[in-house]
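Here is how the chains run, residue by residue.
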Amino acid sequence: MPRSIKQLLAETLEDLSKENLDKFVFQLLDRRQEPQVRRCRVEGKSRLEIVDVLVSTFTEDQAVHVTEEILRSIGCNQQAEKLFLQNLNPLTVAPNTVTSRSMGQSDTGTEEVQKNLDFGSVGNNGGEMPPKTAKKILSNKLEDLSTENFKKFRIELVDRKDGVKMSQVEDKDYMKVSEVMINVYTERKALKVAEEILREIRCQQDADELVEEAKTAGLCSAADGSSDEEHFVDRHRDELIQRVTAVPPILDKLLKAKVIQNETYDEIMMLRPSQNQMRRLYGDVQGAGRNAKDIFLQILKEQQRFLIDDLMKK
């Protein structure tokens, strides 16, 4: 007896691990296209209940396409291809469904199926995957972090004191942390905050990749500060020059990080008052490039925490 669409979807979700099922639900809720699925309908639900929601929210055919699309987006390509092929099988769906393989057109049929598999989804948006959302970009990048760096990320996030509380992210996974950030900040702001924190914890490559993905998704206006937007230390140059008075500890750390050389260190230490020291220091940091500015900002956050917090609110 042919299997129904519900049976196909149920078998597909049964093949997923608990972690991948959580990812599936996360991406299902994050879909931008209408109709959208409400959180209360799938969060904490069984696989069969999720299948019921998929079929009742979309048409049966569209439920298969949405499921396949999400499976590919979370890296479950084998399950996606299996679902796709089973849905093409005339014994699985409507009896009058005929594939080119069943008509003996093996060469062209195989090529057509392969093209569809390569594009990742059939009959949905012309075969193209939809652009990534801010939540998806953010969750993917946090998933890439090591356990140690993800812990540092959460600590820095809470330490910003601009909306995220420890109770919201402590011992939470990358999907939950992404969701909290999107809810607390705007989508674009969440990406910008993530970029800043990644640079603070020395994950420069991850920060650069986050920016590039944001640009590709058209979310660059708040997340492309690493290349186009004016750097924080440049934007607040005048105030930092006037308000930073304890320059020697900053010089010590810049020297240790090899942003400045011993000769520069000695020359700046001889200057008076502190404003002249900062002006000279700015000249050397700016000449060293953006990475030097990132290190300079991190040191300022460590040495002048309250000042930097005040400037970040402006």
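The text that follows walks through the structure, step by step, so that each part is easy to find. (Residues numbered from 1 in each chain as written. Predicted model: local features only at pLDDT ≥ 70, side-chain atom pairs only at ≥ 80, totals over all residues. Heavy atoms only, no water.)

**Quick word on the overall build of the protein**
Helix and strand counts for the protein come out as 20 helices and 0 strands. With the model as given, the accessible surface of the protein reaches about 16,400 Å², and the carbon-plus-sulfur share is 48%. (Helix = DSSP H or I, 4+ residues; strand = E, 2+ residues; numbered from the N terminus. Areas by Shrake-Rupley, 256 points an atom, 1.4 Å probe, with all protein chains shown as cover.)

**What about the environment of A134?**
Within the secondary structure, A134 is located in helix α8 (residues 134-144). Each C-alpha atom, one on A134 and one on L191, is 6.9 Å from the other, the two residues being 57 residues apart in sequence. Discounting residues that sit within four places of it in the chain, A134 has contacts with R32, I182, E187, L191 and L219. (Contact = heavy atoms within 4.5 Å.)

**Details of helix α5 (residues 60-73)**
Its 14 residues give α5 an end-to-end C-alpha distance of 20 Å, which sits within 8% of 20 Å, the value for a rise of 1.5 Å per residue. Burial of α5 is extensive: 11 of the 14 residues sit out of reach of the surface. Among all positions in α5, only A63, V64, H65, V66, T67, E68, E69, I70, L71, R72 and S73 are buried. One or two positions beyond α5, positive phi appears at G75, with a value near 85°. (Expected span 1.5 Å × (residues − 1). Buried < 20%, exposed > 50% of the residue type's maximum accessible area, 1.4 Å probe, protein only.)

**Some points on the pattern of salt bridges**
Two side chains of opposite charge can pair, provided their charged atoms sit close to one another. Inspection of every chain in the model, using the stated rule, returns 29 salt bridges. R72 is the salt-bridge partner of E68, the closest N and O atoms lying 3.2 Å from each other. Pair noted here: E68 and R72 are both in helix α5, with a separation of 4 residues, about one helical turn. Between E196 and R160 there is a salt bridge, and its shortest N-O distance comes to 3.0 Å. Placement of the pair is E196 in helix α12 (residues 187-200) and R160 in the loop between α9 (147-159) and α10 (166-169), with a sequence separation of 36 residues. You can call E196 partly exposed: its relative accessible area is 22%. (Salt bridge = Lys/Arg side-chain N within 4 Å of Asp/Glu carboxyl O.)

**Some words on the nonpolar core**
Counting residues in hydrophobic clusters, the biggest one holds 31 residues, and the most contacted among them are L142, F153, L157, V177, M181, L191 and L198. Every element with two or more residues in this core is listed here: α8, α9, α11 (174-184), α12 and α13 (204-216). Not counting the four nearest positions on each side in its chain, L157 is found in contact with D162, V164, V169, V177, M181, Y185, V193 and I197. If you look at the next biggest cluster of nonpolar residues, it comprises 28 residues, including L16, V42, V53 and F58. (Core = buried A, V, L, I, M, F, W, Y, C linked by side-chain atoms within 4.5 Å.)

**Quick word on the packing of α9 against α12**
At a closest axis distance of 10 Å, the pairing of α9 and α12 adopts a crossing angle of 120°. Viewed along their axes, α9 and α12 adopt a mutual orientation that is oblique. Seen from above, α9 lies across α12 with right-handed handedness. Seen from α9, the contacting residues are F153, E156 and L157; seen from α12, they are V193, A194, I197, L198 and E200. For the contact of α9 with α12, the residue count by class is 6 nonpolar, no polar and 2 charged. (Axes fitted to C-alpha atoms, helices over the stretch in contact; angles between N-to-C directions. Parallel < 35°, antiparallel > 145°, perpendicular 65-115°, else oblique. Left-handed = near helix turned anticlockwise from the far one by under 90°. Nonpolar A, V, L, I, M, F, W, Y, C, P; charged D, E, K, R; others polar.)

**A look at the packing of aromatic side chains**
Two measures describe an aromatic ring pair: the distance that separates the ring centres and the angle between the ring planes. For the structure on display, the rule yields 1 aromatic pair. Ring centres of Y282 and F296 lie 5.7 Å apart, and the angle between their planes is 85°; this geometry places the pair in the edge-to-face category. In this pair, Y282 is assigned in helix α18 (residues 274-287) and F296 in helix α19 (residues 290-303), connecting sequence segments 14 residues apart. Note on accessibility: Y282 and F296 belong to one class, buried. Over the ring of F26 we find K135; its NZ or CZ atom is 5.5 Å from the centre of that ring. For the cation-ring pair, R237 lies above Y282, with the distance from its terminal atom to the ring centre recorded as 5.3 Å. (Phe/Tyr/Trp six-rings, centres within 6.5 Å; stacked < 30°, edge-to-face > 60°. Lys NZ or Arg CZ within 6 Å of the ring centre and 35° of its normal.)

**What to know about unusual backbone geometry**
In the segment running from R272 into P273, the intervening peptide bond is cis, with an omega of -5°. Along the chain, P273 turns up in the loop between α17 (262-269) and α18. Phi angles above zero are rare outside glycine, and D171 is one such case at about 60°. Note that D171 resides in the loop between α10 and α11.

**Details of the side chain of K141**
Along the chain, K141 falls in helix α8. By relative accessible area, K141 is classed as buried at 3%. A distance of 2.5 Å separates the side chain of K141 from the side chain of E209, its partner in a polar contact. Ignoring any residue separated from it by four or fewer positions in sequence, one finds K141 in contact with L198, D206, E209, L210 and E213. (Polar contact = N/O pair within 3.5 Å; in protein donor to acceptor, adjacent residues only side chain to side chain.)

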